[in-house]
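# Tertiary structure, described
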Amino acid sequence: MDLAKYRNLFLEEATEHLAEMSRALLVLEKSPDDGESIDLVFRMAHSIKGMAGSLGYDSITEVSHKLEDRMDTYRAVGRVEVVEGIAMLFRGLDGLERMVEVVRETGEPPPPDPELANALSPDPELANALAPDPELANALASDASDGASPETEEEPEKKSPRRSLTPRSRGV
């Protein structure tokens, strides 16, 4: 198998996804409740995670997974924290851009960045601060403290409580 071919495809697609994430984050700075931008950042992080995982770029996979988890919390509550949340998302974007650049320059997986991955992990209190509905806040806080994510559960038929509470599943 020609890994250079797949690496080049990863670099091309990851660069496009990161640019889309950047544009969406600029929208979220002005409109923190823009659901389309929240969903877009979530999907781009999810796509990068999958592509990186398939090539063994574990550090990119880890950071994009944590970013995806954080975005899932924002999706559930329908908005991003204006100051701290936006700053953390840009920090995650910058970290992913640096990691992709390491792959571009060296052809090797980038080193892990546990500090960034830990910083991006959704804080269980984040849901309480953002969610107007106490039931939603409790479900999100429980999932964040468990490290659960609907996309990573081993049994697909079991759903996380936040899936049933998201605005999307309520037809919003």
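Residues numbered from 1 in each chain as written. Predicted model: local features only at pLDDT ≥ 70, side-chain atom pairs only at ≥ 80, totals over all residues. Heavy atoms only, no water.

## Description of the packing of helix α2 (residues 35-55) against helix α3 (residues 58-77)
- Contact geometry of α2 with α3 gives a least axis separation of 8 Å together with a crossing angle of 155°. What the angle tells us is that α2 and α3 run roughly antiparallel. The two elements α2 and α3 meet at a crossing, and its hand is left-handed. For the pair α2 and α3, contact is made by Ile-38, Asp-39, Val-41, Phe-42, Ala-45, His-46, Ile-48, Lys-49, Ala-52 and Gly-53 and by Ile-60, Thr-61, Ser-64, His-65, Leu-67, Glu-68, Met-71, Asp-72, Tyr-74 and Arg-75, respectively. (Axes fitted to C-alpha atoms, helices over the stretch in contact; angles between N-to-C directions. Helix = DSSP H or I, 4+ residues; strand = E, 2+ residues; numbered from the N terminus. Parallel < 35°, antiparallel > 145°, perpendicular 65-115°, else oblique. Left-handed = near helix turned anticlockwise from the far one by under 90°. Contact = heavy atoms within 4.5 Å.)

## Concerning the nonpolar core
- Formed by 37 residues in total, the largest nonpolar core has its most connected members in Phe-10, Met-21 and Ile-60.
- For this core, the secondary-structure elements that each account for two or more residues are α1 (3-30), α2, α3, α4 (84-106) and α5 (114-120).
- The contact partners of Ile-60, leaving out residues within four places of it in the chain, are Phe-10, Ile-48, Ala-52, Leu-96, Met-99, Val-100, Val-103 and Pro-110. (Core = buried A, V, L, I, M, F, W, Y, C linked by side-chain atoms within 4.5 Å. Buried < 20%, exposed > 50% of the residue type's maximum accessible area, 1.4 Å probe, protein only.)

## A word on the pattern of salt bridges
- What the rule picks out here adds up to six salt bridges.
- Between Arg-70 and Glu-81 there is a salt bridge whose closest N-O contact spans 4.0 Å. Of this pair, Arg-70 sits in helix α3 while Glu-81 is found in the loop between α3 and α4, placing the two residues eleven residues apart along the sequence. Both residues of the pair, Arg-70 and Glu-81, count as buried.
- A salt bridge links Arg-104 to Glu-101; its shortest N-O distance comes to 3.2 Å. With a gap of three residues between them, Arg-104 and Glu-101 both fall in helix α4, about one helical turn apart.
- With a relative accessible area of 40%, Arg-104 lands in the partly exposed category.
- For Glu-101, a relative accessible area of 31% translates into the label partly exposed. (Salt bridge = Lys/Arg side-chain N within 4 Å of Asp/Glu carboxyl O.)

## Looking at the packing of α1 against α2
- Contact geometry of α1 with α2 gives a least axis separation of 9 Å together with a crossing angle of 160°. Considering their axes alone, α1 and α2 lie roughly antiparallel with respect to each other. Crossing geometry of α1 relative to α2 is assigned as left-handed.
- Its residues assigned to classes, the contact of α1 with α2 shows 19 nonpolar, three polar and three charged. (Nonpolar A, V, L, I, M, F, W, Y, C, P; charged D, E, K, R; others polar.)

## Examining the side chain of Glu-81
- For Glu-81, a relative accessible area of 18% gives the class buried.
- Within the structure, the side chain of Glu-81 is placed 3.0 Å from the side chain of Tyr-74, a separation counted as a polar contact. (Polar contact = N/O pair within 3.5 Å; in protein donor to acceptor, adjacent residues only side chain to side chain.)

## What about the packing of aromatic side chains?
- Taken as a whole, this structure holds one aromatic pair when the rule is applied.
- The lysine or arginine in question, Arg-75, covers the ring of Phe-42, its NZ or CZ lying 3.9 Å from the ring centre. (Phe/Tyr/Trp six-rings, centres within 6.5 Å; stacked < 30°, edge-to-face > 60°. Lys NZ or Arg CZ within 6 Å of the ring centre and 35° of its normal.)

## What about α1?
- The end-to-end C-alpha distance of α1 is 41 Å, a good match for the 40 Å that 28 residues give at a rise of 1.5 Å each.
- For α1, the set of buried residues is Phe-10, Leu-11, Ala-14, His-17, Leu-18, Met-21, Ala-24, Leu-25 and Leu-28.
- Packing partners of the buried residues in α1 comprise α2, α3 and α4. (Expected span 1.5 Å × (residues − 1).)

## Let's talk about α4
- A rise of 1.5 Å per residue sets the reference length of α4, with its 23 residues, at 33 Å; its end C-alpha atoms lie 33 Å apart and thus fit the reference within 8%.
- Restricting attention to buried positions, one finds in α4 the residues Gly-85, Ile-86, Met-88, Leu-89, Phe-90, Gly-92, Leu-93, Gly-95, Leu-96, Met-99, Val-100 and Val-103.
- Residues of α4 that are buried in the fold lie against α1, α3 and α5.

## Some thoughts on the confidence of the model for the protein chain
- Residues at a pLDDT of 70 or more form 73% of the protein chain, whose mean pLDDT is 82.
- Confidence, expressed as mean pLDDT per element, reaches its minimum in the protein chain at helix α8 (residues 161-165) with 33 and its maximum at α2 with 98.
- Every residue in residues 148-172 is under pLDDT 50, and counting partners more than four places away or in other chains gives 42 contacts. (pLDDT = per-residue confidence, 0-100.)

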